[in-house]
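Here's the letter readout for the chains.
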Amino acid sequence: MKKILDMQLIYKIEFNSTNGYFKKIIEKLIKISNIDAICKQYRGFILLTFNAKAEEIENFFFILEKKLPLSIFIGKSYVIEKFDDSIEELEEKDVKQNLSLLTNDAIKNIIDTNDIDFLNDIVSISRGEVSRFETHNGLKNIFLPNKDIREDFEKKGYEVKLLITNINKLSEIFDVSNKDLQLICSIERPLVKLKFKILKNAKKEFSSTNFIYAKIPDDKETVLFANALKQKDINYVLYINDEVYQDGLKITYFNDKNIIIRGDKGLFPKFDYTANKKYNSSKEYFDDNGGVYKAVLAQYAKRLMPTVGVYFSLKSNSSSIAINMPGKGVRDVILIPNMHNNVKHCMEEISEIDEHCERLITNYTKKFASYLKEDVSDDTNGFESILNMCAKVLGLNNAKEFEDKALSVNVKSGIQIDMKLVSIDDVNYLDHRKIIQSIMSYKMADVDTGTLCYSFYESLSEFICNYANEIGKETKAKDVVLCGDMIGNSILLTKVNKTLSKNYNLLIPKEYPLDY
C-alpha cells in the first residue's frame, strides 16, 4: 500500500491592515481543524503554510470558506509557489481594538447563552417613544422610523442612522448590491450608505434624503436587543449615538477597493509600524503626522518623491491641492476658502463681481425668495460651507441633502459649473462665489436641482484633474494622493480616476480613513 505523503502548500491572503484580529480568527480555525499549519502576518497580507495531507488541506479550506468572516481589509486569496523569507513578519503588539469578533458561531453562542428581557424597551419604542440603550461602545437612543423624532434629533446636531435587526428583510426597502451586503456583514461591522427603493421613504420617516447609513449589530448587547426586536417582527430601527466612545467606520467602495471615509471603532487603538508607535484615535494619528496628506505620503513611502496631493474635506478648514517636493516639503498650490456662513453676505459678494451678477442676485432673490429666508449653519468650514450655500440657493437644507440629491439622479454627464481661481495676496483660492453664481444662473434657466447637484461634483472632478495634471507635468510627479472625505463621493472619484489614472498612480488610503 502506498504511503500518503504530506504536502507543503503556501496560501496568501491579501489583507490591507496590520491589526491582528483576523489572524487570530484564522489561528483559532487552524486549532479547531487540528491541521499542521502556520499563520503569519505581514504588511499587506497574511500567509498560511501547510504541511499536511491533501485531504486535510481540502477539509480545512472547506472550514475556512464556511467560517472565516468577511473583512473590509481582505483582498484576493491564492496559492503561491514560494515565499521570500527575507520579508519581515509583523511583530505582534499588545493593542486591543474596540471590536467584538462576531463570527456566526459567536453570535449563535451569545443568543443561546444569554436571556435578557427587553420588553420595556420594545414596548417603549412601539409606542413611538425613544429608548435609551447601553451598548459596549456607550449609549444609543433607539426609536422606530418617525419623521418628527428624526428631525428633532437632527436639529440638535445628531446624525440619525439605521440599525438592521433582520438582514434578510433589507432588500424590501433598499436597493442593495452584493458588495453592499458584503461590507455590511464584515467583521468590522461598518456603516454603509444605502439607497431606499422608490416610495419606501416617501414620508421621510427614515431620512430627509433617499439615503441613510446603516449597519448590523456590532457588540453583544446590540446583538441580543436586535434579536429580541426581530422576534417581534421589527426588522430595523433608527438610532443616534449618545456618549459613545468611538464613532463607527463609514465605508464606501470603488472598483475592487474598500475605502474608509471616517471613523475609529475597530480600527483604533492601532500600532503604526512606520512610525513605530501606538495611536489611540484617527485624530491623534493624523495630527502626529502633520495632517492627512502627509500621513498618506508616509503610508506609501512617498515623502522623498515629488507627489501631487488633493486633500478635499467637508469638515476641515485646510482643504487644498498641494505638492510634496523632496527637500522642500509640502506646499499648498490652491486653497479652498472658508467663506462666511451668511446668505446675505454671500449674495453681496456675488453681486459685486459685475453688473450681470448684480442683476442675477436681484432677480434670484425675487424668484426664489423662500429659499433664502433662513441662514445656513455657522459652525462649518471649507467645502461644507460651500455646499451648504449651494444647497440653500437650490431650496435644499444642507450639504448632506446636496450630495444625496447628486447621487440620486440617473445621468451620465451634467453641465459646466464654474470652478475658477481667484488670487488674494498672491494665494490662489477656489472662487466659491463663481460656483454659487453659476448654479444660480442655471437655476434661473430652470435646470433641475438634481442635475445641478450632480454637475457640481463632475465639474469639481475636472478642476482636480486639470490642476493635478498641470502641477504633475511641471514637477514631473508620477503619483497623486487623493484624500479627505469629499473623495468618498462616487461621482467625484469615478471621474477623477477615469482621467488621472491614465498618466498617474492614484494613491488612496487602504488601511486608514480618508479623513478625521
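To be clear, the structure that these remarks concern was listed above.
Residues numbered from 1 in each chain as written. Predicted model: local features only at pLDDT ≥ 70, side-chain atom pairs only at ≥ 80, totals over all residues. Heavy atoms only, no water.

*Asks:* In this structure, what is going on with the overall build of the protein? I would like to understand it.
*Replies:* When helices and strands are tallied, the protein shows 16 helices and 22 strands. For a compact globule of 516 residues, the expected C-alpha radius of gyration is about 24 Å, and the protein comes in at 25 Å, within 12% of that figure. If one aligns the C-alpha atoms of the protein with their principal axes, the spans along those axes are about 95 × 65 × 40 Å. The burial tally for the protein puts 51% of its 516 residues in the buried class. Here the contacts in the protein between residues at least 6 apart in sequence split such that 69% fall between residues at least 24 apart. Only carbon and sulfur atoms are counted for the fraction: they give 46% of the accessible area of the protein, which is about 25600 Å². Counting 72 positive and 75 negative side-chain charges, the protein places the averaged centre of each group 3 Å from the other. (Helix = DSSP H or I, 4+ residues; strand = E, 2+ residues; numbered from the N terminus. Rg over C-alpha atoms; globule rule 2.2 N^0.38 Å. Buried < 20%, exposed > 50% of the residue type's maximum accessible area, 1.4 Å probe, protein only. Contact = heavy atoms within 4.5 Å. Areas by Shrake-Rupley, 256 points an atom, 1.4 Å probe, with all protein chains shown as cover. Lys, Arg positive; Asp, Glu negative; His and termini not counted. Charge placed at Lys NZ, Arg CZ, Asp CG, Glu CD.)

*Asks:* Sorry, what's going on with the packing of aromatic side chains here?
*Replies:* Two numbers describe a pair of aromatic rings. These are the distance of the centres and the angle of the planes. Applying the stated criterion across every chain yields a total of 32 aromatic pairs. Between Phe463 and Tyr467 the ring centres are 5.0 Å apart and the planes differ by 55°, which places this aromatic pair in the tilted class. Residue Phe463 and its partner Tyr467 are located together in helix α15 (residues 449–475), separated by 4 residues, close to a single helical turn. Overall, the relative accessible area of 2% leaves Phe463 in the buried class. Through successive ring pairs, a cluster of aromatic residues spans Phe268, Tyr279, Tyr285, Phe286, Tyr512 and Tyr516. The positively charged end of Lys193 is found above the aromatic ring belonging to Phe211, 5.7 Å away from the centroid. Across the ring face of Tyr512, the terminal group of Lys270 is positioned such that the distance to the ring centre comes to 5.4 Å. (Phe/Tyr/Trp six-rings, centres within 6.5 Å; stacked < 30°, edge-to-face > 60°. Lys NZ or Arg CZ within 6 Å of the ring centre and 35° of its normal.)

*Asks:* Could you clarify how one ought to interpret the sheet that holds strand β2 (residues 37–42) in this entry?
*Replies:* In any sheet, the strands associate via hydrogen bonds between backbone groups, in a parallel or an antiparallel arrangement. Pairing is antiparallel in the open sheet, where 4 strands are placed in the order β2-β3-β1-β4. Lying at the two open borders of the sheet, with one neighbouring strand each, are β2 and β4 (74–80). For this sheet, the mean inter-axis angle between neighbouring strands, taken without regard to orientation, is 15°. Set on the sheet, helix α1 (residues 21–33) makes contact with β1 (7–15), β2, β3 (45–52) and β4; between it and β2 the angle comes to about 175°. Of the strands in this sheet, β1 and β3 are in contact with helix α2 (residues 54–67), which crosses β3 at around 145°. (Pairing = 2+ DSSP bridges. Axes fitted to C-alpha atoms, helices over the stretch in contact; angles between N-to-C directions.)

*Asks:* Is there a simple way to think about the side chain of Lys265 in this case?
*Replies:* Of note, Lys265 is situated in the loop between β13 (257–262) and β14 (270–272). Given a relative accessible area of 8%, Lys265 falls into the buried group. Discounting chain neighbours no more than four positions away, the residues touching Lys265 are Asn98, Asn137, Asp218, Gln246, Asp247, Gly248 and Leu249.

*Asks:* Is there a simple way to think about unusual backbone geometry in this case?
*Replies:* A negative phi angle characterises most non-glycine residues, just as the trans form characterises most peptide bonds. In this model, Phe268 is joined to Pro269 through a cis peptide bond whose omega is 0°. Mapped onto the elements, Pro269 comes out in the loop between β13 and β14. Of note in the backbone geometry, Leu199 takes a positive phi value of approximately 75° without being a glycine. Looking at the element boundaries, Leu199 is found in the loop between β9 (191–196) and β10 (211–215).

*Asks:* For this particular structure, what's the right way to read the environment of Pro145?
*Replies:* For Pro145, the position within the fold is in the loop between β6 (138–143) and α5 (147–155). Relative accessible area serves as the criterion here: at 24%, Pro145 is assigned to the partly exposed category. With 60 residues separating them along the chain, Pro145 and Glu205 place their C-alpha atoms 5.1 Å apart. Sequence-distant contacts of Pro145, that is, excluding residues within four places in its chain, are made with Glu205, Phe206, Tyr236 and Leu238.

*Asks:* What am I meant to see in the nonpolar core here?
*Replies:* What tends to happen in soluble globular proteins is that the nonpolar side chains get buried as a cluster. The biggest cluster of nonpolar side chains holds 85 residues, and the ones touching the most others in it are Phe312, Phe402, Phe456, Leu460 and Met486. It is α15 that contributes the most residues to this core, 11 residues altogether. For Leu460, the contacting residues outside a window of four places in its chain are Phe312, Phe383, Met419, Leu430, Met486 and Leu492. (Core = buried A, V, L, I, M, F, W, Y, C linked by side-chain atoms within 4.5 Å.)

*Asks:* How should I be thinking about a negative patch on the surface in this particular structure?
*Replies:* Taken together, the side chains of Asp36, Glu55, Glu56 and Glu58 make up a negatively charged region of the molecular surface. Locating Glu56 in the fold gives a position in helix α2. (Patch = residues over 30% accessible without salt bridge, like charges linked within 9 Å, V, L, I, M, F, W, Y side chains within 5 Å. Salt bridge = Lys/Arg side-chain N within 4 Å of Asp/Glu carboxyl O.)

*Asks:* Hey, could you run me through the pattern of salt bridges in this one?
*Replies:* Opposite charge on two side chains lets them pair, provided their charged atoms get close. Applying the stated criterion across every chain yields a total of 29 salt bridges. With a shortest N-O distance of 3.5 Å, Lys197 and Asp175 are connected by a salt bridge. Highlighted residues: Lys197 in the loop between β9 and β10 and Asp175 in strand β8 (residues 174–175), separated in sequence by 22 residues. Classification of Lys197 as partly exposed rests on a relative accessible area of 29%. The partner of Lys302 in a salt bridge is Asp479, with the nearest N and O atoms 3.2 Å apart.

*Asks:* How should the packing of helix α4 (residues 119–126) against helix α7 (residues 220–231) be read in this particular structure?
*Replies:* In contact at an axis separation of 10 Å, α4 and α7 are set at 60° when each is read in the N-to-C sense. The orientation of α4 with respect to α7, classified from their angle, is oblique. By crossing handedness, the relation of α4 to α7 is classed as right-handed. Together, Asp121, Ile122 and Ile125 of α4 and Phe225, Ala228 and Leu229 of α7 make up the contact between the two elements. Split into classes, the residues belonging to the contact of α4 with α7 amount to 5 nonpolar, no polar and 1 charged. (Parallel < 35°, antiparallel > 145°, perpendicular 65-115°, else oblique. Left-handed = near helix turned anticlockwise from the far one by under 90°. Nonpolar A, V, L, I, M, F, W, Y, C, P; charged D, E, K, R; others polar.)

*Asks:* I tried to follow helix α11 (residues 355–367) on my own but got confused; where do I start?
*Replies:* Each α-helix winds once per 3.6 residues, and so residues spaced three or four apart point in a common direction. Compared with the 18 Å implied by 1.5 Å per residue over 13 residues, the 18 Å span of α11 between its first and last C-alpha is a close match. Among all positions in α11, only Cys357, Leu360, Ile361 and Tyr364 are buried. Buried residues of α11, viewed axially, fall in a sector of 100°; they line one side. Facing away from the buried side of α11 by more than 90 degrees, the exposed set consists of Glu355 and Lys366. (Expected span 1.5 Å × (residues − 1). Arc of directions from axis to C-beta.)

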